Amino acid sequence: MSLPEELPKTYDFAAVEKRWLAEWNDTDFYFDTHSKKPQYIIDTPPPYPTGKLHIGHALNWVYMDIIARYKRMTGFNVMFPQGWDCHGLPTEVKVEETHNITKNDVSREEFRRMCRELTVENIEKMRQSLRTMGFSVDWSNEYITMEPYYYAKTQLSFLRMLKDGYIYQDEHPVNYCTRCETAIAFAEVSYYEGTTLLNFFDFDGLEIATTRPELLAACVAVAVHPDDDRYKEIVGKILRVPIFGHEVTIIADDAVDMNFGSGAVMICTFGDKTDVFWWKKHHLPLRKALSTKGTMTAICGKYEGMTTKDCRAAILADMKALGILKNQKQIDQRVGGCWRCKTPIEILSERQWFVRVKGDEIVKAARDIKWYPEHMLQRLENWAEQMEWDWCISRQRLFATPIPVWFCDKCGEMILPDEADLPIDPTIDKPKHACPKCGGTSFTGETDVLDTWMDSSITDLHVTGWNGSGMPPFFPAQIRPQGHDIIRTWAFYTILRSMALLGEKPWDGILINGMVLGEDGFKMSKSRGNVIGPEDVMGPYGVDALRQWAAAGSSTGQDIQFNWNDVIAASRFQTKMWNIVRFSLMQINKESPVPETNAPSTLLDRWMLANLSHTIAEVTDAMENYLFDKGLKLIRDFAWNVLADEYLELVKGRLYSTEPDRAGAVYTLRTTMDALCTMLSPYIPFFAQECYHHLSGGKRIIDHPWVDFSYTDADAVRDGDLIVRIVGVLRKYKHDAGLALNSPLGEITIYTPSHNVDDAGDLGRTVNGTVVWKAEEPALEKKVGDVVFNKGIVGKTLRGKAGAFMAAVNALSDADKITPPATILVDGEETAVPEGAWTTSFVYSVSGEAVDVIMVDDIMITIQKN
Ligand SMILES: [Zn+2]
Ligand SMILES: [Zn+2]
């Protein structure tokens, strides 16, 4: 046991963090596959290995770490795995930038090697950050999606879903980024506001307005509204496309907006989603004017090879020269861009792989999952409702899980690998058998790779032990923590995959965290200069202050605006707690031996323990419902107000004394401090461990179960609360009387007619007076005291007679002083008494001794000054 002298005056967070990081072992946090305890598996989000943890990660991981630590303390076998979602564009783009190449400049293998290399470095950096922040990650359950053991599972899941008809290939229009040269899913399109030119031109005698003149070569029809009187007569007519000369038909469709432009629109393959809708509905031909590189194709004639931008300018110039460009108008436009590079999305029809989206099945499963907070379910439902196309899962990139498929060169038959041979790369590996259809032995591997979400949508299957044979041993996971920004991707796809592969929901619950906004209330971004990193907070204030900030910042699911005041408040709370611990230790160490089991009989100790018990119940309830901000606020209020400002103030005198009741206060203090350390440990593990180490004589808080303490005592709560209030009014009384707070107060009598109160002298010591509790009605004499004149009124109304008036009033009977008559005799003259001329004070006395009286509700307190 450390002696109190050893506890430094100020809390040195840097030294404490370093010490306990070195003391804790990875094995302390391992999931035990043989445990008899109930399991609690957290399907944690695998971050993208950028090499840097941002403040949003910190928020997310603090939530998860609080859950993991709390659940361990409440008897669960917890798995808090750490994954890394490696594949994808950002790494490819970074590699291209770093080496100043494009993916086509080096071999496929070399490019993938460069991506792997960068990813390995980045993961190591982020691992270190997670460790520094004290997250109790289960490193025995780390997974890296680019490693063969993981992407073999991604491939297995692909093959299973392919065989079950969930996955198919098709030529279908998809969202396409021509800069990244890959298809992307709808969920990856981010929208922003822009402006564009609406061009009115003469289309073979019909005025048409378009924002995409460069797609003129891809025009396959002109559409008008069936009710549009201007065009009723010409539906079915053939028009010749300007500049290009091919013929298209005028069709009628009620999806045409009569009020947009001229009311007649050209349908191109494809300008936007509506073009795809019309193209399908009216079985129109396909004319591809754009290549996957974003340049014009051969059907564009002399414009072939131009970029869309150059082609647009060239066609508009040619229209002008031909005299068919009638008008141009600037309009606002909502542009869909690539989530990675912001390049405007094109819609191209290419052969792609798709996952069938069964929206109803996903929504049904989602409703069977408990959502924290509940209203977030709506977001998933809305997304499922508006899904028009299936999920495009093929990407024309390199650093990703290969699609494990070959095609027979002779007959085109699709050849699949044996599951036992996974993982495979079909561009390197060869099928082990001849083509079952034609006996051919020459094959071409699929070069498309899988969308990264195909990897990350089976994290739950991976951590619960899925290997393709039956139900995974630990399925389902208990909770999925994630941001609300990826409900329509990660949550949606995970449910989809779990339903497709196992037919069951992936988790019991899903916990949604908000985004961290800058101090200015805007999304953090380099260009705004409002980015704050976890290191900016940890440096000056320590990990625990960062953790408190995250936990207390906002209710679960809500965005948090970063605020330095919250960090400072967190740091101040630790200073306050440290002082409480130092004080408590000194008191506890004076008691020898430390009382262990004697439940205290003293009123304020019982009051304190009842309050503690109530707080524990409330904090536990908040933890069970993932209301981290509520839990922490309850603990902080309790420690700061009830413990420090009220209880310690009230029992300080007893602790400094040698009274026998001192032991009760020590016991109460000890019990309270143990409970506080325990409840704080999921939030601020370093601080809690440091305090508990000193308080317990070297024990570890992580070995401590959650607080199991319950005590009710309604009488003690009632009387203790009364004492707290009485201290407040007596302090105000001293203040109003111009007395120092510690000046003696004489004899205080408190009348509680309904019951006896015994405060063991605590109140008297606190207010520096003799306190007598009397279980009886006050025996009080009340007399009229001095009359206090309102000089303003008296002087103004009575002028020269004021002096005589006041003398006459002082001579009145007590009854008249209390209830003034209408007139009184002043110098022999009936004089009207002005309204509010005086007030009468009263003098109280007990057994002939004068006292002051204060009421606290219906409780009377008399003070007899010395
Ligand atoms: Zn892009
Ligand atoms: Zn064949």
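Residues numbered from 1 in each chain as written. Chains lettered and ligands numbered in written order. Predicted model: local features only at pLDDT ≥ 70, side-chain atom pairs only at ≥ 80, totals over all residues. Heavy atoms only, no water.

For the chain, an unreviewed UniProt entry supplies the name Valine--tRNA ligase and the organism Methanocorpusculum petauri. Here is the UniProt Sequence similarities (unreviewed entry) comment for the chain, exactly as written: "Belongs to the class-I aminoacyl-tRNA synthetase family. ValS type 2 subfamily." The chain has a UniProt comment under Function (unreviewed entry) that states "Catalyzes the attachment of valine to tRNA(Val). As ValRS can inadvertently accommodate and process structurally similar amino acids such as threonine, to avoid such errors, it has a 'posttransfer' editing activity that hydrolyzes mischarged Thr-tRNA(Val) in a tRNA-dependent manner." (UniProt positions renumbered as here; feature names shortened; annotations may be inferred.)

1. Considering the overall build of the chain
Broken down by element type, the chain carries 24 helices and 33 strands. Over its C-alpha atoms the chain spans a radius of gyration of 39 Å, topping by over 25% the 29 Å that the globule rule assigns to 866 residues. Seen through its C-alpha atoms, the chain measures out along the principal axes to roughly 125 × 75 × 45 Å. Of all 866 residues assigned to the chain, the portion counted as buried reaches 54%. In the chain, of all internal contacts separated by at least 6 residues, the share reaching a separation of at least 24 is 76%. Working note: accessible area of the chain is about 37,900 Å², and carbon and sulfur atoms make up 50% of it. (Helix = DSSP H or I, 4+ residues; strand = E, 2+ residues; numbered from the N terminus. Rg over C-alpha atoms; globule rule 2.2 N^0.38 Å. Buried < 20%, exposed > 50% of the residue type's maximum accessible area, 1.4 Å probe, protein only. Contact = heavy atoms within 4.5 Å. Areas by Shrake-Rupley, 256 points an atom, 1.4 Å probe, with all protein chains shown as cover.)

2. Quick word on the sheet that holds strand S15 (residues 370–372)
Read across the open sheet, the three strands follow the order S15-S23-S22; overall the sheet is parallel. Two strands close off the open sheet at either side, each with one partner strand: S15 and strand S22 (477–483). Recorded for the sheet is a direction-independent mean angle of 20° between the axes of neighbouring strands. Across the sheet, helix H12 (residues 487–502) touches S15, S22 and strand S23 (507–513), and the angle it forms with S22 is around 160°. (Pairing = 2+ DSSP bridges. Axes fitted to C-alpha atoms, helices over the stretch in contact; angles between N-to-C directions.)

3. Quick look at the coordination of the zinc ion (ligand 2)
Around a metal, the ideal angle is 109.5 degrees if four donors adopt a tetrahedral arrangement and 90 or 180 degrees if six donors adopt an octahedral arrangement. Every protein donor of the zinc ion (ligand 2) is accounted for by Cys408 (SG), Cys411 (SG), Cys435 (SG) and Cys438 (SG), and the metal-donor separations fall at 2.2 to 2.3 Å. Of note is the zinc ion (ligand 2), whose four donor atoms meet at the metal with angles of 101 to 115° in an arrangement that counts as tetrahedral. When the donor residues of the zinc ion (ligand 2) are listed from N- to C-terminus, their spacing reads C-x2-C-x23-C-x2-C. We classify Cys438 as partly exposed; its relative accessible area is 30%. (Donors = N, O, S within 2.8 Å, 3.2 Å for Na, K, Ca; no water. Tetrahedral: all angles 85-135°; square planar, octahedral: opposite > 155°, others 65-115°.)

4. Overview of the pattern of salt bridges
Per the stated rule, a full pass over the model turns up 49 salt bridges. The salt bridge involving Lys288 is made with Glu171; its shortest N-O contact spans 3.3 Å. Of this pair, Lys288 sits in the loop between helix H6 (273–281) and helix H7 (308–322) while Glu171 is found in strand S5 (residues 167–177), placing the two residues 117 residues apart along the sequence. Linking Arg700 and Asp703 is a salt bridge whose minimum nitrogen-to-oxygen distance equals 2.8 Å. A relative accessible area of 25% places Arg700 in the partly exposed class. For Asp703, a relative accessible area of 53% puts it in the exposed group. (Salt bridge = Lys/Arg side-chain N within 4 Å of Asp/Glu carboxyl O.)

5. Overview of the packing of helix H5 (residues 148–163) against H12
At a closest axis distance of 10 Å, the pairing of H5 and H12 adopts a crossing angle of 65°. Here H5 and H12 pass one another in a crossing that is left-handed. Contacts from Ser157, Arg160 and Met161 of H5 reach H12 at Leu496, Arg497, Ala500 and Leu501. Among the residues making up the contact of H5 with H12, the classes are represented as four nonpolar, one polar and two charged. (Left-handed = near helix turned anticlockwise from the far one by under 90°. Nonpolar A, V, L, I, M, F, W, Y, C, P; charged D, E, K, R; others polar.)

6. Details of the side chain of Thr91
Examined against the element boundaries, Thr91 turns out to sit in helix H3 (residues 89–99). Note on Thr91: relative accessible area 5%, which makes it buried. Dropping the residues within four chain positions of it, Thr91 is found in contact with Tyr48, Cys86, Cys115, Leu118, Thr119 and Phe399.

7. Topic: the UniProt feature "domain: Aminoacyl-tRNA synthetase class Ia" (unreviewed entry) in the chain
Listed under "domain: Aminoacyl-tRNA synthetase class Ia" (unreviewed entry) in the UniProt record, and renumbered for this structure, are residues 20–562. Secondary structure content for residues 20–562 is 30% helix and 23% strand, and the end C-alpha separation is 28 Å.

8. Thoughts on the environment of Asp318
Within the secondary structure layout, Asp318 lies in helix H7. According to the relative accessible area criterion, Asp318 is partly exposed, its value standing at 21%. Along the primary structure Asp318 and Arg240 are separated by 78 residues, whereas in three dimensions their C-alpha atoms are 16 Å apart. When sequence neighbours within four positions are dropped, the list of residues in contact with Asp318 reads Ile243, Lys302 and Tyr303.

9. Overview of the coordination of the zinc ion (ligand 1)
Donor atoms from the polypeptide that bind the zinc ion (ligand 1) are Cys177 (SG), Cys180 (SG), Cys338 (SG) and Cys341 (SG), placed at 2.2 to 2.3 Å. Taken together, the four donor atoms surrounding the zinc ion (ligand 1) define angles of 103 to 118° at the centre, an arrangement classified as tetrahedral. Read in sequence order, the donor residues for the zinc ion (ligand 1) give the motif C-x2-C-x157-C-x2-C.

10. With respect to the sheet that holds strand S12 (residues 265–268)
Here we have four strands laid out as an open sheet, ordered S10-S11-S9-S12, and mixed in their pairing. Looking at which strands have only one partner, the edges of the open sheet turn out to be strand S10 (238–240) and S12. Averaged over all adjacent pairs, the angle separating strand axes in this sheet is 35°, with direction ignored. In this sheet, S12 lies alongside strand S9 (residues 219–224) in antiparallel orientation, the contact comprising four bridges.

11. A closer look at the layout of surface pockets
One number sums up the size of the second largest pocket: a volume of about 1,400 Å³. If you trace the second largest pocket, you find 45 residues lining it, with Thr211, Arg212, Gly271, Asp272 and Gln333 closest to the centre. With six residues, the top contributor of residues to the lining of the second largest pocket is strand S13 (residues 325–338). (1 Å grid on protein atoms, 1.4 Å probe; cavity = no way out; pocket = protein on both sides within 12 Å on 5 of 7 lines; lining within 4 Å. Points joined across faces, edges and corners; volume = space filled by probe spheres on them.)

12. Brief notes about the UniProt feature "binding site: ATP" (unreviewed entry) in the chain
When the UniProt feature table is mapped onto this chain numbering, "binding site: ATP" (unreviewed entry) sits at Lys526. Note that Lys526 resides in the loop between strand S24 (516–517) and helix H13 (534–541).

13. Some details on helix H14 (residues 543–552)
It helps to recall that an α-helix has 3.6 residues per turn; residues three or four apart then point in one direction. A large share of H14 lies buried, amounting to ten of its ten residues. For H14, every residue scored as buried is listed here: Val543, Asp544, Ala545, Leu546, Arg547, Gln548, Trp549, Ala550, Ala551 and Ala552.

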